[in-house]
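Residues per chain are reported as follows:
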Amino acid sequence: NAGVMQNPRHLVRRRGQEARLRCSPMKGHSHVYWYRQLPEEGLKFMVYLQKENIIDESGMPKERFSAEFPKEGPSILRIQQVVRGDSAAYFCASSTTQNTEAFFGQGTRLTVV
Amino acid sequence: RKEVEQDPGPFNVPEGATVAFNCTYSNSASQSFFWYRQDCRKEPKLLMSVYSSGNEDGRFTAQLNRASQYISLLIRDSKLSDSATYLCVVNSGYGNKLVFGAGTILRVKS
């Protein structure tokens, strides 16, 4: 039973390019979270999705960031026109329902040069 | 006030010591509580869920105090391998998203 799969593990983008981060939840999990962790800081909630629905996006920056979790396929976190401040580790987690524990992928380390 | 607050530490303890962490949360409607650990910027891993009656898993004991809105984690007989950042997690807000505390750093020394 594969765990939460994130890819790529490492992503380098030049300023102004787009970054696409993918997350495949554990089998049977229909809830996905995205978190961002800056160096020397804690995990910051970004967005919480259920299949085809955004439940809570209160942690997402208003511009350049978007997320989706389609009926088929992985959840995607998209960052347009990346800036150096977007460099961080982005973690995805999945759970079966709202109030159950979540399991994390290994993260995507985004570096903007 | 932050939704989930933890003492950042670090807690520096010798091997074999008992150490306790507390965490407070602001949303009285929260229903789910967890402790995770994170090693060296790797992904967080679930340590244990926290139930109203308290629960124990080997050297680890978690307790919940709803009246005071805090959660505790007790680690007995600390091992070097327990060195990590311990994250308190609470479901909160619209949609019951999982909110993480900033973490408490534990360093166990020989």
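These numbers were taken from a predicted model, which means no experiment stands behind them.

1. Thoughts on the pairing of strand E11 (residues 108–112) of chain A
Residue and element names in this part refer to chain A.
Then step 1. Here E11 shows one buried face, formed by Thr108, Leu110 and Val112, and one open face, formed by Arg109 and Thr111.
Then step 2. As paired strands, strand E2 (residues 10–13) and E11 are joined by 4 bridges and run parallel to one another. From the neighbouring strand, Leu11 faces E11, where its bridge partner is Leu110.
Then step 3. Pairing geometry for strand E9 (residues 88–95) and E11, over 3 bridges, is antiparallel. Counted as the bridge partner of Ala88 is Leu110 from E11.

2. Details of the interface of chain B and chain A
Then step 1. Across the contact, 20 residues belong to chain B and 25 residues belong to chain A.
Then step 2. Each partner contributes to the roughly 1,800 Å² buried at the junction of chain B and chain A, and carbon and sulfur atoms together form 51% of this total.
Then step 3. When residues of chain B are sorted by the area they lose upon contact with chain A, B:Arg41, B:Lys97 and B:Leu98 head the list and together hold 33% of the total.
Then step 4. Inspection of the chain B/chain A interface yields 1 salt bridge.
Then step 5. With a closest N to O distance of 3.1 Å, B:Lys97 and A:Asp56 form a salt bridge.
Then step 6. Connecting chain B to chain A are 4 residue pairs in polar contact (both at pLDDT 80 or more).
Then step 7. The set of elements that each furnish at least two residues to the side of chain B that touches chain A consists of strand E4 (33–38), strand E5 (45–50), strand E9 (84–92) and strand E10 (97–100) of chain B.
Then step 8. Looking at side-chain class alone, the side of chain B that touches chain A contains 9 nonpolar, 7 polar and 4 charged residues.

3. Topic: the pattern of salt bridges
Residue and element names in this part refer to chain A.
Then step 1. Evaluated as defined, the whole model comprises 8 salt bridges over all chains.
Then step 2. Note that Arg78 and Glu18 form a salt bridge whose closest N and O atoms lie 2.9 Å from each other. Within this pair, whereas Arg78 is found in strand E8 (residues 75–79), its partner Glu18 is found in the loop between E2 and strand E3 (19–24), the two being separated by 60 residues in sequence.
Then step 3. A relative accessible area of 26% places Arg78 in the partly exposed class.

4. Concerning the layout of surface pockets
Then step 1. Taken as a whole, the largest pocket encloses approximately 710 Å³ of empty space.
Then step 2. Looking at the lining of the largest pocket, the elements with two or more residues in it are strand E4 (31–37) and strand E5 (43–50) of chain A together with E9, E10 and strand E11 (104–109) of chain B.
Then step 3. Classifying every residue of the lining of the largest pocket gives 13 nonpolar, 8 polar and 9 charged.

5. What about the state of the cysteines?
Then step 1. For the coordinates displayed, the defined rule picks out 2 disulfides over all chains.
Then step 2. Disulfide partner of A:Cys23: A:Cys92, at an S-S distance of 1.7 Å. Between A:Cys23 and A:Cys92, the S-S torsion sits near -50°, and that sign places the bridge as left-handed. With A:Cys23 in strand E3 and A:Cys92 in strand E9, this residue pair connects regions lying 69 residues apart in the sequence.
Then step 3. Of the residues examined, A:Cys23 reaches a relative accessible area of 0% and is grouped as buried.
Then step 4. Each sulfur of the disulfide joining B:Cys23 and B:Cys88 lies 2.0 Å from the other. In this structure, the disulfide formed by B:Cys23 and B:Cys88 twists by about -75° around the S-S bond and is classed as left-handed. Placement of B:Cys23 in strand E3 (residues 19–25) and of B:Cys88 in strand E9 is noted, with a sequence separation of 65 residues between them.

About the cut-offs
Position numbers for residues count from 1 along each chain, tracking the sequence in the order it is written. Whichever chain is written first is A, and whichever ligand is written first is 1; the rest continue in order. Since the coordinates come from a predicted model, pLDDT governs what is reported: local features require at least 70, and pairs of side-chain atoms require 80 or more to be given and counted, while whole-chain, interface and lining totals use all residues. Side-chain metrics rest on all non-hydrogen atoms present in the structure, leaving aside hydrogens and water. Each residue's exposure class comes from its accessible area (1.4 Å probe, protein chains only) as a fraction of the maximum for that residue type: buried when under 20%, exposed when over 50%, partly exposed otherwise. Helical segments are the DSSP runs of H or I of at least four residues, strand segments are the runs of E of at least two, and each set is numbered from the N terminus. Paired strands are those between which DSSP finds at least two bridges. The contact criterion used throughout is that any non-hydrogen atoms of two residues lie within 4.5 Å. By convention, the term buried area covers the 1.4 Å-probe accessible surface removed from two parts as they join, with the contributions of both added. Salt bridge, as used here, is a side-chain nitrogen of Lys or Arg placed within 4 Å of a carboxyl oxygen of Asp or Glu. In the analysis that follows, any N or O atom pair within 3.5 Å is treated as a polar contact, provided that within protein one partner can donate a hydrogen and the other can accept it, and provided that, for residues neighboring in sequence, both atoms belong to side chains. Each residue is assigned to one of three groups, with Ala, Val, Leu, Ile, Met, Phe, Trp, Tyr, Cys and Pro labelled nonpolar, Asp, Glu, Lys and Arg labelled charged, and all others, Gly among them, labelled polar. Any residue with an atom within 4 Å of a point lines the site, the site being either a cavity, points on a 1 Å grid over the protein atoms alone where a 1.4 Å probe fits but cannot get out, or a pocket, an open set with protein on both sides within 12 Å along at least 5 of 7 lines. Grid points are joined across faces, edges and corners, and a volume is the space filled by probe spheres set on the points. For the purposes of this analysis, a disulfide is any pair of cysteine sulfur atoms at a distance within 2.5 Å.

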